[in-house]
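Chain residues, written in single-letter form:
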Amino acid sequence: MVDGKTLPGASAHSGLPFADGAAGALLDAGGRIIGWTPAAAELLALSADAVRGRPVRELLADPGARSGLWVDRPEGVRSGAVRSGEAVVLTGRGEKLGIVFQVLPLAGENTAPAPGPGASAEPARYFVLGAPAGMVSRWRQDRAFTRELFLQDRLGLAVFDEELRLARTNTHLFPYTGLPPDLRGRRLGDFLEADDAAAVERRLREVLRTGRPLILAEERVRTIEDPRGGAVMAVSAFRLQAPDGQVFGVTALFTDVTEQRRSDERLAILHHATAAVGGSLSVTGTGEELAAVLVPGLADLAVVEIAEAVFTGEEPVPGKDGRLALRRTAVAGEPATEVPADTVVPAGTDLSATSSPASMTAPLRARGSFLGRVTVRRAPGRPDYEPADLDLLREIAARAALALDNARRYTREHRSAIGLQRSLLPPAQAETVAVTTTGFYLPADPATGVGGDWFDVIPLSSARVALVAGDVVGHGLGATATMGRLRTAVRTLADLELEPDELMVHLDDLVSQLRDEPHDLTRPDDDGAPPEGWTDPIGATCLYAVYDPVSRRCAMVSAGHPPPAVVAPDGTVSYVELNPGPPLGVSGLPFETTEVELAPGSILALYTDGLIEGRDSDLDEGMAELRRRLTRPGATTAPLRELGQEIISGRPVHHLADDVTLLLARTHAVPPGNTALWPVDPDPAAVARVRQEAARQLRAWGLEELVFTTELVLSELVTNAIRYTDGPVEVRLIRAAQLTCEVSDPSATQPRMRRARLTDEGGRGLYLVAQLTTRWGSRYTRHGKTIWAEQPIPPANGPRTGGEVPVPEILGLLDGEALEP
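None of the values given here were measured: they were computed from a predicted structure.

Rules used in this analysis
- Residues numbered from 1 in each chain as written.
- Predicted model: local features only at pLDDT ≥ 70, side-chain atom pairs only at ≥ 80, totals over all residues.
- Heavy atoms only, no water.
- Pairing = 2+ DSSP bridges.
- Helix = DSSP H or I, 4+ residues; strand = E, 2+ residues; numbered from the N terminus.
- Axes fitted to C-alpha atoms, helices over the stretch in contact; angles between N-to-C directions.
- Buried < 20%, exposed > 50% of the residue type's maximum accessible area, 1.4 Å probe, protein only.
- Salt bridge = Lys/Arg side-chain N within 4 Å of Asp/Glu carboxyl O.
- Lys, Arg positive; Asp, Glu negative; His and termini not counted.
- Polar contact = N/O pair within 3.5 Å; in protein donor to acceptor, adjacent residues only side chain to side chain.
- Contact = heavy atoms within 4.5 Å.
- 1 Å grid on protein atoms, 1.4 Å probe; cavity = no way out; pocket = protein on both sides within 12 Å on 5 of 7 lines; lining within 4 Å.
- Points joined across faces, edges and corners; volume = space filled by probe spheres on them.
- Nonpolar A, V, L, I, M, F, W, Y, C, P; charged D, E, K, R; others polar.
- Parallel < 35°, antiparallel > 145°, perpendicular 65-115°, else oblique.
- Left-handed = near helix turned anticlockwise from the far one by under 90°.
- Phe/Tyr/Trp six-rings, centres within 6.5 Å; stacked < 30°, edge-to-face > 60°.
- Lys NZ or Arg CZ within 6 Å of the ring centre and 35° of its normal.

Asks: Pulling in residues and values, what's your account of the sheet that holds strand β3 (residues 83–90)?
Replies: In space, the five strands of this open sheet follow the order β2-β1-β5-β4-β3, with antiparallel pairing throughout. Edge positions in the sheet fall to β2 (33–36) and β3, since each of these pairs with one other strand and no more. Between one strand axis and the next, the sheet turns by 30 degrees as a mean value, whatever way the strands run. The pairing of strand β1 (residues 23–28) with strand β5 (residues 125–132) spans six bridges and is antiparallel. Bridging from a neighbouring strand, Ala25 pairs with Val128 of β5.

Here it is in structure tokens:
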């Protein structure tokens, strides 16, 4: 439009790259301006009235320069051809402006006649289009960019109309088979799987609706003809609209990122597998984690087989037949066929990684040892395995094998630690004349299985028994080692027949020494750090109780340890009111003994604070819970093992704040008729009466076979007591699991056995007692000492058992012999 009129013939040139929005001028045959567009008036700041009738060359910044615009009517213009060029014009603002122009001859009724024979008619008017040089450059770049974009073969380009029908595409829209040869006018659903097409169109409609560009949104694309794996496409899109804002379509770019995503997926599987298989020190757990991490990312079925020797911590070694047994450890996914539980692998078999389109196998090899293998399979319909998949499985297997070998080594060390722990604890169940016991130990750290808590049942003389519960500070092997030293010390002190409070004082001194002595926990060849898991315990708590089935009394002392619980035969539960001393190794203060009487059939429960103290509960709550469990119906008659399991089961391992130890002891009593007691006058003649009373009592008990040896033992012990003491002497016989002879006197001097020479007239008394009995000893009491000797009770009508000395030798030893202090 020029001055409101449409130019005839101008439509033929409407496809010019810069026609839209360009300035225009209408010239007559002489080059004078006869029409002026509003865009020209705005661009050059010159109105139509100001330029109408002027030669166009007057607009040039240098009218005398040859610009090709209109100076000498070049031949191209005369012949009616379109002429292009560049010129510098002077605007109405006095500024110079570079423009690119085109001169278009206009055909029509005003065309001038030809100047001569054979010449064509000359146009009567010309239309000049012009635009700033920078704008034209950008137009040209845009056209070149669009043209080249549709020629690219690394991405798919598609132009959709407002109904999402394909208007134009390049030849690489989707880089696989299944596309029609001509896509114009088609919708994505005509050749793509319905779900895939709907997903892409949903994104494109959002772009059409909002105008917000879509940047690299990934969608899986599968064709109807080949719906197997498809491809992963990164879709980018932007809306197409006219300058007036009218939306007429959307352009989408499809980039195939399938290989990149597969690489990312493989890397993610590798990272996941590394994290998963490295978090367990269990051989079975490592195998299960390995199988689980491979499904479904890499396979539909994963099978892990591990050599049998690995489960015991040993290195796999082929058998004599040259074959290595493998155990099916873990299976993940749904097997299409039954997977054998165990297999064998010939030692000479090629154990490298292998693959087929649907399955792969990789060895589990670490530090030169073959530990097993992992096999993966894909179900029909999934893409075949590629070499990169085998490389991935091989890398995962290598990392898993290191974790598996660490688990194997840990298993070996753990079995050794458990063996050490078990060797330091007594049997879980014990039966003595005094008590029936069952012990339980539950470590706070189930991974190591070792700690510093302990319990013990120590048989003492005269049918008595010592019950012990202790808790060393800390966990791990360091606490276990300290526990072993303390348990040995308690047993040694108990064998000395010390009173409970005196024993605890000696134990307290020992812990103080252990705390103060320097510790060298390193080896000469290490880096100077203590072994992993090692702690340096410097304290402990302990409860020591001595139960006498004859008197039915229990004397106990506590070093900072919680009080024991007593379940009476009627089912009532109480805690012994102890006056606990400080923990061992703290202050060196004395300890106080507490005595209680226990009815036969009572249950004494010794424990460590781990049983009554949790992460979210205090001691009072824990003791109340223990009381509740001990008062359940039938507790007094239930098997101790069953009762203890119920109590321990209330302490889940993952909630333990400390190791748990529980010792349950059901008390027994020696009937009054199974003991005999005689006071002895301090007169050598009383020895004969003691022998007579003892023989009479043994015959009443049906122990005639023990009369002779018992008379000899009592003669020696009573003679020694009368000869070397001034106070009263007392004799007691106890018939229990063994026959115990006791002689008590007020002297604190302990007898000792010595080697007598051939010429010595004495010195053989204790040797004689040692030969006639299975065990003998002496213990201090509050009123002096007691010397005791034990003999096994022979089976009814059975042969004599135990140590025997020929009668002539015995008579020779007794000739004028007496025990010496």
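Asks: Give me the lowdown on the pairing of strand β30 (residues 738–745), citing residues and values where you can.
Replies: For β30, a buried count of seven out of eight residues is recorded, marking the element as mostly surrounded by other parts of the structure. Taking the residues that link successive antiparallel strands as the turn, the strand β29 (residues 729–735)-β30 hairpin has two residues. In terms of strand pairing, β30 meets strand β32 (residues 784–792) through eight bridges, oriented antiparallel. Its bridge partner being in β32, Val743 is matched across the sheet by Ile787.

Asks: How would you sum up the pattern of salt bridges? Please name residues and give values.
Replies: According to the stated counting rule, one finds 41 salt bridges in the structure shown. Between Glu206 and Arg209 there is a salt bridge whose closest N-O contact spans 2.8 Å. Of the two residues, Glu206 and Arg209 both sit in helix α5 (residues 194–210), three residues apart, roughly one turn of that helix. Given the relative accessible area of 32%, Glu206 is considered partly exposed. Between Glu595 and Arg553 there is a salt bridge whose closest N-O contact spans 3.1 Å. Taken together, the positions of Glu595 in strand β25 (residues 594–597) and Arg553 in strand β22 (residues 553–559) put the pair 42 residues apart, joining distant regions of the chain.

Asks: So, the side chain of Asp548: which residues are in play, and what are the values?
Replies: Within the secondary structure, Asp548 is located in strand β21 (residues 540–548). Put simply, Asp548 is tucked away with no salt bridge, and the nearest opposite charge, on Arg732, sits 4.9 Å away. One polar contact links the side chain of Asp548 to the main-chain amide nitrogen of Val550, over a distance of 2.9 Å. Setting aside chain neighbours within four positions, we find Asp548 in contact with Ser462, Arg464 and Arg553.

Asks: Help me get a handle on empty space enclosed by the protein, residues and values and all.
Replies: Per the stated rule, a full pass over the model turns up two cavities of 30 Å³ or more. Quantified by volume, the largest cavity comes out at close to 190 Å³. Together, 17 residues line the largest cavity, and Ala25, Trp36, Leu44, Ile99 and Val128 are the ones closest to its centre. Per-element accounting of the lining of the largest cavity gives the leading share, four residues, to β1. Estimated volume of the second largest cavity: approximately 30 Å³. Only α7 (283–294), β11 (301–307) and α8 (387–424) provide two or more residues apiece to the lining of the second largest cavity. Examining the composition of the lining of the second largest cavity, we find that three residues originate from one element, α7, more than from any other. When its residues are assigned to classes, the lining of the second largest cavity shows six nonpolar, two polar and no charged.

Asks: I'd like a description of the packing of α8 against helix α9 (residues 476–495), backed by residues and values.
Replies: Orientation of α8 relative to α9, taken along the N-to-C sense of each, is 20 degrees, at an axis distance of 10 Å. The angle between α8 and α9 places the two elements in the roughly parallel class. For the element pair α8 and α9, the recorded crossing hand is left-handed. Mapping the contact onto sequence places Ala417, Leu420, Gln421, Ser423 and Leu424 in α8 and Leu477, Thr480, Met483, Gly484 and Arg487 in α9. Residues of the contact of α8 with α9, tallied by class, amount to five nonpolar, four polar and one charged.

Asks: An account of the packing of aromatic side chains is needed here, citing residue identities and associated values.
Replies: Under the definition given, this model contains zero aromatic pairs. Positioned over the ring face of Phe311 is Arg327, at 3.8 Å from the centre of the ring.

Asks: So what about unusual backbone geometry? Which residues, and what values?
Replies: Omega for the peptide link from Val295 to Pro296 comes to 0 degrees, which places this bond in the cis form. Although it is not a glycine, Ala463 sits at a positive phi angle of roughly 70 degrees. Among the secondary structure elements, Ala463 is positioned in the loop between β19 (451–459) and β20 (465–475).

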